[in-house]
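One-letter residues, chain by chain:
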Amino acid sequence: MKILIKNAYAILPDGYDKNCAVAIDNGAIVSVGALPENFKAAKTIDAKGMLLTPGFVDAHTHNHMTALRNRADDVPFTDWLFKTVMPMEDTLTTQEAYWSVQLAIMELLLSGATCFLDMHMFPGTFGRATVDAGMRAVLSRGLTGGGDDAEGGARRIRETRQDIERFKGEELLSFMLGPHAPYTCTEDYLREVAALADELHIGIHTHLSESEDEQKTVREKYGCTPAEFYDRCGLLRENTVCAHCVQLNESDMAILAERGTSVVHNAASNMKLGNGFADVPALLAHGVNVCLGTDSAASNNSLNMLREMELVSLIHKGTHRDATAVSAVQVFDMATKNGARAVGLGGKTGEIRVGLRADLALFDMGSVGFFPVGDPKAALCYSSAGLRADTVLVNGEILLEHGEFKTIDAARVKYEIGRLDERLQKGIKA
């Protein structure tokens, strides 16, 4: 479908265009500015008064947990994970997970996100829910195993292979391997995952250095930091994405930089679970590719990328007592092109540029609290409280139009999640 977006205030790779036209054909951006000769749009979007941005990339989340929002709060991290969240997570059916993913996508779209990297436990179901919504995603089936759970670990790897085969040819889906964490996988199992990544030519998505307990556990068992342990297992590489990285030391950061590994900053989740702050200024100084993620709604408790951008913009100024620490420009890049690069979609999405896929978001610049916009990147970081995307396109398809979901039955999603919520409140098994 040929689409023309006209009269937009666009954030382009080389600056701003206050009266921009973007032509889209077959899901790709074919012009920015002057229209191609004989271009006839089947649909024209008049974006006067709208800010046009590349779609944001949520580079670390667990969208099947969205229905668990506001159910595991104000408890220490290990209790939150092992005593509260995992037991609830284990009760979810595949259909409940489907609707939870669709609810997550609704929330992500409203914050201007067009792509996410997810670690999940519902092969088949997760991809179907994402494809049905028309969302772009990179999926990784969570992998734990080895030792006493060798059989379970092997099963999860088989499920990963089956998922990749099942959705082969789906343009909007790609895959990574998802070893959960250094404390849920044995060394032999992690080496097996690294070898599988080489065989399949895909990346790795994992948690790293999230808590002090993790640091202590890994050091006692392996005599090194979690980052050093992962490096020993061959997991740290250019197409590896490590979420959290709160407890890194300078040597760890140097290793990540040397390997070209990306780090996902999960500001809200790390604060809420009492794990601290990743040292983003230091990571940037080392040359690490830093991007942004929401983590799950069970730990955040929001999937709002604009909120993450605001938090990252402010936190490090305060913790470092430096008003220049982590600028709005840097944060915008983290949410767009850095995220795309991390999840293996660099050069495909993350910017408004000819040849890239049309993953785009429009925001009403007249929104109270956002107006007057001034500098658009600063406005998105510092004045976006309450802001919601007006229209969002993924791969040239309109998924959200004037706040209305076009590919998701919002009423059905709310109904199904309401049933799940009632079950959880009563403690009834599915």
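Keep in mind the model is a prediction, meaning the values are calculated, not measured.

### Comments concerning the overall build of the protein
Line of reasoning, step 1. Helix and strand counts for the protein come out as 15 helices and 17 strands.
Line of reasoning, step 2. Its C-alpha radius of gyration of 21 Å places the protein within 12% of the 22 Å reference for a compact globule of 430 residues.
Line of reasoning, step 3. In the protein, the proportion of contacts linking residues at least 24 apart, taken out of those at least 6 apart, comes to 73%.
Line of reasoning, step 4. In the structure as shown, the protein presents an accessible area of about 16,800 Å², 48% of it carried by carbon and sulfur atoms.
Line of reasoning, step 5. Averaging the locations of the 43 positively and 57 negatively charged side chains of the protein gives two centres separated by 3 Å.

### Quick notes on the environment of Asp-118
Line of reasoning, step 1. Mapped onto the elements, Asp-118 comes out in strand E7 (residues 113-120).
Line of reasoning, step 2. A relative accessible area of 0% means that Asp-118 is categorised as buried.
Line of reasoning, step 3. Taking the C-alpha atoms as reference points, Asp-118 and Ala-254, separated by 136 residues in sequence, lie 26 Å from one another.
Line of reasoning, step 4. Excluding residues within four positions of it along the chain, Asp-118 makes contact with Thr-61, His-62, Asn-63, Phe-126, Val-138, Leu-139, Ser-140 and His-205.
Line of reasoning, step 5. For Asp-118, the side chain forms a polar contact with the main-chain nitrogen of Asn-63, separated by 2.6 Å.

### Things to note about helix H2 (residues 94-110)
Line of reasoning, step 1. The end-to-end C-alpha distance of H2 is 25 Å, a good match for the 24 Å that 17 residues give at a rise of 1.5 Å each.
Line of reasoning, step 2. Counted residue by residue, H2 has 14 buried out of 17 residues, so it is predominantly covered.
Line of reasoning, step 3. Of the residues flanking the end of H2, it is Gly-112, one or two places downstream, whose phi is positive at about 90 degrees.

### Regarding the packing of aromatic side chains
For any two aromatic rings, the description comes down to two numbers: the centre-to-centre distance and the angle of the planes.
Line of reasoning, step 1. In the structure shown here, the tally under the stated rule is seven aromatic pairs.
Line of reasoning, step 2. A centroid spacing of 6.0 Å and a plane angle of 70 degrees characterise the contact between Tyr-9 and Tyr-16, whose relative ring orientation is edge-to-face.
Line of reasoning, step 3. Pairing Phe-56 with Phe-332 gives two aromatic rings, centres 6.4 Å apart and planes at 85 degrees, and the pair type is edge-to-face. With Phe-56 in strand E6 (residues 56-61) and Phe-332 in helix H12 (residues 328-335), this residue pair connects regions lying 276 residues apart in the sequence. No difference in accessibility class separates Phe-56 from Phe-332, as the two residues are buried.
Line of reasoning, step 4. Connected via pairs of aromatic rings, a cluster forms that spans Phe-56, Phe-332 and Phe-363.

### Quick notes on the environment of Ser-174
Line of reasoning, step 1. Within the fold, Ser-174 resides in strand E9 (residues 173-179).
Line of reasoning, step 2. A residue is classified by how much of its surface remains accessible, and Ser-174, at 25% relative accessible area, is partly exposed.
Line of reasoning, step 3. The sequence separation of Ser-174 and Ser-367 amounts to 193 residues, and the corresponding C-alpha distance is 35 Å.
Line of reasoning, step 4. Apart from residues lying up to four places away in sequence, Ser-174 is in contact with Ala-137, Val-138 and Leu-139.

Rules of the game
Residues numbered from 1 in each chain as written. Predicted model: local features only at pLDDT ≥ 70, side-chain atom pairs only at ≥ 80, totals over all residues. Heavy atoms only, no water. Helix = DSSP H or I, 4+ residues; strand = E, 2+ residues; numbered from the N terminus. Rg over C-alpha atoms; globule rule 2.2 N^0.38 Å. Contact = heavy atoms within 4.5 Å. Areas by Shrake-Rupley, 256 points an atom, 1.4 Å probe, with all protein chains shown as cover. Lys, Arg positive; Asp, Glu negative; His and termini not counted. Charge placed at Lys NZ, Arg CZ, Asp CG, Glu CD. Buried < 20%, exposed > 50% of the residue type's maximum accessible area, 1.4 Å probe, protein only. Polar contact = N/O pair within 3.5 Å; in protein donor to acceptor, adjacent residues only side chain to side chain. Expected span 1.5 Å × (residues − 1). Phe/Tyr/Trp six-rings, centres within 6.5 Å; stacked < 30°, edge-to-face > 60°.

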